[in-house]
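# Fold and geometry: a report
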Amino acid sequence: MPQEVFHTSPGSLHRQIRLGSLPIGARLASEPDLAAHYGVGINTLRRAIRELRERGIADTVPAKGTFIIEMPESATDSPEENGTAG
């Protein structure tokens, strides 16, 4: 998982979702815009979005975008926050 996008900085995707800045139903910005915002490559960003989908937090609708569909259950969803980061 691309730690720098998904978990670490205060503006990270995971933190924004967990804190409600990106509420259920919110559409994420485009992949190029998000990659530029976080200063990462497009492939890193795509891995982060894929992780959101695998956790059931987001869903991607072709030609529409990626949407938040569920809030993370708790702060311990983050490996960095529960001490299990590799």
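The structure presented is a predicted model; accordingly, all values stated were derived computationally and were not measured.

Scoring rules and cut-offs
- Residues numbered from 1 in each chain as written.
- Predicted model: local features only at pLDDT ≥ 70, side-chain atom pairs only at ≥ 80, totals over all residues.
- Heavy atoms only, no water.
- Helix = DSSP H or I, 4+ residues; strand = E, 2+ residues; numbered from the N terminus.
- Core = buried A, V, L, I, M, F, W, Y, C linked by side-chain atoms within 4.5 Å.
- Buried < 20%, exposed > 50% of the residue type's maximum accessible area, 1.4 Å probe, protein only.
- Contact = heavy atoms within 4.5 Å.
- Salt bridge = Lys/Arg side-chain N within 4 Å of Asp/Glu carboxyl O.
- Expected span 1.5 Å × (residues − 1).
- Arc of directions from axis to C-beta.

## As for unusual backbone geometry
In this model, Ala63 sits at a positive phi of 65°, which is unusual for a non-glycine residue. Note on placement: Ala63 falls in the loop between strand 1 (58-61) and strand 2 (65-68).

## Notes on the nonpolar core
By size, the foremost hydrophobic cluster in this structure holds 16 residues, and its most contacted members are Leu13, Leu22, Leu28, Leu34, Leu45, Leu52 and Ile68. Sorting the residues of this core by element identifies helix 2 (13-18), helix 3 (31-38) and helix 4 (42-54) as the ones contributing at least two each. In terms of residue count, helix 4 provides more of this core than any other element does, four residues in total. Aside from chain neighbours lying at most four places away, what touches Ile68 is Ile17, Leu22, Pro23, Ile24, Gly25, Ala26, Leu28, Ile57 and Ala58.

## Focus on the pattern of salt bridges
Inspection of the entire model under this criterion finds three salt bridges. Here Arg46 makes a salt bridge to Glu31, at a shortest N to O gap of 2.6 Å. With Arg46 in helix 4 and Glu31 in helix 3, this pair connects stretches of sequence that are 15 residues apart. Ionic pairing is found between Arg50 and Glu54, a salt bridge with its closest N-O pair at 4.0 Å. On the criterion of helical spacing, the pair formed by Arg50 and Glu54 is a turn pair, its members being four residues apart in helix 4. On the basis of relative accessible area, Arg50 is assigned to the partly exposed category, the value being 38%. Overall, Glu54 belongs to the exposed group, its relative accessible area being 57%.

## Some words on helix 4
With 13 residues, helix 4 extends 18 Å between its outermost C-alpha atoms, agreeing within 8% with the 18 Å of an ideal straight helix rising 1.5 Å per residue. Considered for burial, the residues of helix 4 that qualify are Thr44, Leu45, Ala48, Ile49, Glu51 and Leu52. Buried residues along helix 4 cover an arc of 155° about the axis, so they all sit on one side. Exposed positions of helix 4 whose direction lies more than 90 degrees from the buried face are Asn43 and Glu54. Taken from the residues just after helix 4, Gly56 is the one with a positive phi, measuring 75°.

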